[in-house]
Structures are given as structure tokens and as C-alpha cells.
Amino acid sequence: MKWVGRVWMAVLWSVVILCGALGKEEDYVKYKDPKQPVGARVEDLLGRMTLEEKIGQMVQIERLSATPDIMKDYKIGSLLSGGGSVPLPQATAADWVNMINNFQKGSLSSRLGIPMIYGIDAVHGHNNVYNATIFPHNVGLGATRDPDLLRRIGDATALEIRATGIPYTFAPCIAVCRDPRWGRCYESYSEDPKVVQEMTEIIPGLQGEIPNGLRKGVPHVIGKNKVAACAKHFVGDGGTTKGINENNTVIDMHGLLSIHMPAYSDSIIKGVSTVMVSYSSWNDKKMHANHELITGFLKGTLKFKGFVISDWQGIDRITSPSHSNYTYSVLAGVQAGIDMIMLPFNHTEFIDDLTYLVKNKFIAMDRIDDAVSRILLIKFNLGLFESPLADLSLVNELGSQAHRDLAREAVRKSLVLLKNGKSANESLLPLPKKASKILVAGSHADNLGYQCGGWTIGWQGFSGNNGTRGTTILGAINATVDKDTEVVYLENPDSEYLKSNHFDYAIVAVGEHPYTETAGDSDTLTMADPGPDTIKNVCGAVKCVVIIISGRPIVMEPYLSGIDALVAAWLPGSEGQGVADVLFGDYGFTGQLPRTWFRTVDQLPMSVGDSHYDPLFPFGFGLTTKSVVTRSVSAGVDRRPYGAVAVIFLLVGLYFQGKFLA
């Protein structure tokens, strides 16, 4: 009977093995398997989700409204920092990482463990974060006409964003600003759609190049050093009547497609992950409720596969007054094709309203599934399911010297020389480094906040030199001139002082104070006081170069004749040394106007090609100078004397050749 026992034992072991195999199959979860195609993972996860979990993924709230328990209990899909919203004053990269990981742990503790995605407005570098590199605003980058520079800036910015544990930026802004009265004009690369298209090269910098084998137009993010980008604001935000922010863009479909749409096509081809909708209207139709353009054109014609996100309280503003019929706003925004809603505070109200609309069949489940599938696609692309928690491995990238050197290069290339000498034979620039005594004047010469502009540390920017780390124009001048040159700084010297002192030349930095969005809308486009008086007093007594720190062209014609040299420096950011590099001839001026410089505001709107085009300086204008010194390696450019060495070797070779032939 021993054989009977052996048979039973074999049967028993077979059952145990079979049960173990079945157990392993039951434990296997396809969406958690990184070897599976992303599409299969999205489909598997979506099939496991309840309506509550799906709607949670469509919610983005401000970090101030969140706790780890809220992230878990409401299955919140995304968090953001609004402008100036930080863990604590002068927070370090580690402070950011720890805060974000704390929220993420709440998300991971939910039933399905779907990680949240954290977004931030890193629009000219990682500009909310203390000690980050602040690059020139987009209007200055448009003046460079250098797409490769934009790609490198995207790469550096992505590293600094990831250093703080954030995988998603609401950038780039690809608006085509057609009227400088708009308070967001500095966020636009140019009035010319072709220039804006070229500048979308920042997207491969942020997200990584499209990998081999992946067709163009598919959203992608390559590796842990890259971030998801966001093309904004769809569409026509730069074409509103009189440049009024969030207003109405009156233009036919041909004009919309030829001026405001081309950069979106380029961005999608380059694999941009998300698109943000504009507050503005198109021919009186709110963009946040525009099904024809969001679902029909963006998702249909352009075949955009990433997710569409609203702007801050964007669906609230579908109605006037804002939030006056919120259930309708939720219905209109989601039906238009918006996938993620930047609420950013009232998540329970939104969740309740959207749940009601779906359960009562005002919104089809297919629309919800489309939205959530797109959001999950980007989260899988970012590797959030494999690496949801950030570490401290990149903290030294924040404000690194390499990135500051890159920003300094960008400043140099962004400067546009508008005038150089009162006649062709008496140019003032480049300035001599060696002089007896020089004057630096103007409200913007020693103010880091002013030269960075809005969207810096705080939403509306800051004033002074303590908001973050960087080099002011005055600091750059002091570091550049000869050690024996006396530099005198007076913000607004009076005429008596100027008469009683002899200066070889003066540098005057004036312009606009920082502003953001509607706060920057202006009918007058004048420089801030006491700028006009400073120009009059200084340039009336001393040879002067005037540097304009502004987010757009401003009124300059009344002062032009009294100025020896004029430079448009835009909003150069933290690396003011780039201004001195070009002023003193270490590098030449190469920038070209990214937008028309008007004579008077009565001419506006006026863009290149208009029938009434009569500018003070036309689009594309920019005088050039040549560098006057040989730069050392320490100045940021490798100038090894390869040519001289080659000549020496050639002469030596010829000498010995002659010897041997003899």
C-alpha cells in the first residue's frame, strides 16, 4: 500500500503547486508592471477604478488646501503651487522634496495607490524657488533667435525643477502677443508666430528628445531628470482687444490658425504632455467652454494625446460673475474637453457637482474615461508609478554655476542695441573698462527684483536684492571695470551734482516695475518714475547709455534724441553679469527685436506687416557690435589659442622640411 500513499502525496503536492500558481496570478497587477506597454497599463488601471476614483484624478488643488489625508480620502490626482506658494520662506530643495513626498505618501495609501502629479509655474527657470537660476523672460529669449539656447535652458530648468521633487511645469507660454498693452506680453516670445514656433524647442529640453521608434506627436518624458511640459494658453490669449487680459480675441478662423495656432502644432509634434486652456474668449465664446476648439480641433484635428488642464479657477470664470452657476461651469468645462481642473480650492464642491452630472447622465462616462486615461498616460510616462517619491540626488542642481553661466549667455544674446552714438561716427559702445570715474544711475541698476520681473519668488515679483540670489547690473559693472576705475552709484542724481563732478560716461538703468497678468495691463506704457527725470538729468550732462528693463516696448521717442546709446534688456533675470559682458565689449550685441517698438501708444495695436506700420524701431531691428577683447576660460568661454599653436607647428614643420630637403 506504500504506492497508494505516494500517489496521494504526489496529488497533494500538485494541488499545492497549482494553488501557489493561481495565487501568484491573483497577485499580479498589470498596471503595476513596468514591462507592460503604457496603453495596456492605463486600460487595466482604468478598469479597476470607481467613479469616485476617476473624478478624483481630474482634480488639481493648491498645496495649501491639501493634507495627506485629503489626498487619500478624495483620491486627488494633482497638486500645485500657485505663484509664491512655498513650503517656507527661502525653502531649500530638500524642504520642497520633503513637503511633496509627504503629500505623495497620502496618495499612495489610497486603495489603488495612484500617485499624484505636482505642478508649478516654472516659466523662466524655477522661479518660485529661492536660489534657483532665473532666466530671462520669454520676450528676451525671443530676441536671441536661438532655438538651441532654448533647448539648453529647458534642460537646465528641468533639472532644477526635479531637484525640488516636482515632475511638471506649466510652461512654455506660446502666446503670440499682438499688443504690448497686455500685462502678459513678456511671457510671449514674439509678435511673430514663426519666432514663437522656433522657440518651442524648449519642450525637448524640458521633456527630452523623442526616442527612436516613437512617432512624432506622442507625449513623452524621458528619464528622471526631465519634466512634463505644458503649452499655454490655448488659444488666442495674445490677441485680445486692446491687450486686455482674459478678454476677447476677435479674429476669423483663418487668422486664428495662421497667427495663434501654429506653435501648438509644433508643440504637439514635439510631444508636449499637456495643454492649458486660456481665460480669454474667441469671438465672445469662452475658451474654457469651447468644445469646437478643445475637443474638435486640439484633440481631433491636431490629434493631441496628452491631457488638457484648465487655468486657475478657469471654469469658474465661464460665467459672469465668476462662480455664479458652478454646476453649469463644471458641465461646460468638462464637456468642452478639459481633463484636469485647476480648482484650486473647492474640491468637495467640484467632486459633488461632477458626480451628480455623471450619475444623471448629463456627462457621459466615456468623457470621464477619456479624461482619466489621458492623465494616467502622463503619470505612467513620468515613471511616477515606479518612482513616486523624490530623493535628494539632484539638490545641488538648484542654482548651479553651470546653469547660471547658461543664463548669463542667454542675457548676452537677448540684449538688443537700439542706438549707438548720436551720429554714425561717434559710437559709445562698447564702453572702456578703464576710466577715471563713471556714474551708474537709475532705479533698476541695483535692484535684483526689478530685473527679474513678475513670476519671481512671489506671483507679482519683488523689489530689492534680498528675494533671491543673483547679480545686479551695478554688481556686474563693478566686477567688470578696471580696478582703478571709480564707480559712483546714485539712483537719481540732480543736475547740480552732475555739474560739479566729472564723469567719463554714465550708465542709466530704468524701466518698469514688476507685474503679473492683469496688474500689468497698461494703456500708457510709460517707464516708472523717476526714470524720465533720471534720463534727462544724467544724459543732459554726461555721455550716457540707457538700459531699459521692461517686459515690452515702452514710450521712448521723447527721450531718444538726448540719449547716446540705448539698450533693450527686457527682464534679464538673476544673471546681470550678462549685461556687463556686452556693454564693455567682452561679447558683441547680437539680439534682434522680437516685437515692434512703437512711437506712441495711439498706434497700437501695430505688428509687422500692418498697413499702418510706422515704428520707432521695426521688428527684427538690432545694431551689432564686435567683441574687443580676448576672453579667458574663467569668463565662461574657452578661448584656447589653437590657431596660434597651429601656425607655430606649421612654421616649425616647414623649417625642418627645408632642412631635410637641403
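Residues numbered from 1 in each chain as written. Predicted model: local features only at pLDDT ≥ 70, side-chain atom pairs only at ≥ 80, totals over all residues. Heavy atoms only, no water.

Below, the discussion takes up the side chain of S281. Structurally, S281 is set in strand β8 (residues 281–282). Judged by its relative accessible area of 7%, S281 is buried. Leaving out residues up to four positions away in the same chain, S281 has contacts with N247, N248, T249, K286 and M287. (Helix = DSSP H or I, 4+ residues; strand = E, 2+ residues; numbered from the N terminus. Buried < 20%, exposed > 50% of the residue type's maximum accessible area, 1.4 Å probe, protein only. Contact = heavy atoms within 4.5 Å.)

This paragraph deals with the state of the cysteines. Inspection of every chain in the model, using the stated rule, returns two disulfides. The partner cysteine of C177 in its disulfide is C185, sulfur to sulfur 2.1 Å. For the disulfide bridge between C177 and C185, the dihedral angle about the S-S bond is near -105 degrees, and by the sign convention the bridge is left-handed. Neither residue differs from the other here; C177 and C185 are each classed as buried. With its sulfur 2.0 Å from that of its partner, C539 forms a disulfide with C544. Across the disulfide from C539 to C544, rotation about the S-S bond amounts to roughly 110 degrees, and the bridge is consequently right-handed. Per residue, the accessibility class of C539 equals that of C544, and both read buried. In the protein, the bonded cysteines, numbered by position in the sequence, are linked as 1-2, 3-4. No disulfide involves C173; its sulfur sits 9.3 Å from that of C177, the nearest cysteine. Using a relative accessible area of 4% as the deciding quantity, one classes C173 as buried. Residue C230 stays outside any disulfide, its sulfur separated by 9.8 Å from that of C173, the closest cysteine. (Disulfide = S-S within 2.5 Å.)

With respect to the helices and strands, the residue V196 is situated in helix α8 (residues 193–199). Taking C-alpha positions, V196 is 6.3 Å from A263, a pair spaced 67 residues apart along the chain. Excluding its chain neighbours within four sequence positions, the residues that come into contact with V196 are I174, A175, V176, Y189, S190 and A263.

Along the chain, H291 turns up in helix α12 (residues 291–301). Residue classification places H291 among the partly exposed residues on the basis of a relative accessible area of 43%. Counting along the chain gives 201 residues from H291 to N492, while the straight-line C-alpha distance between them is 54 Å. H291 has contacts with G296, Q335 and A336, leaving out every residue within four places of it along the chain.

Turning our eyes to something else, we now look at the UniProt feature "domain: Glycoside hydrolase family 3 N-terminal" (unreviewed entry) in the protein. According to UniProt, the "domain: Glycoside hydrolase family 3 N-terminal" (unreviewed entry) feature falls on residues 50–376. Helix makes up 39% of residues 50–376 and strand 10%, and the two end C-alpha atoms of the span are 15 Å apart. (UniProt positions renumbered as here; feature names shortened; annotations may be inferred.)

Core analysis: the biggest nonpolar cluster contains 117 residues, and F234, F350 and L354 have the highest contact counts within it. Looking at which element gives the most residues to this core, the answer is helix α15 (residues 365–381), with eight residues. Once residues within four sequence positions are removed from consideration, F234 is found in contact with M261, Y264, V275, M276, V277, S278, M287, L293, I294 and L298. One finds V481, A509, V567 and A568 within the second-largest nonpolar core, a separate group that totals 68 residues. (Core = buried A, V, L, I, M, F, W, Y, C linked by side-chain atoms within 4.5 Å.)

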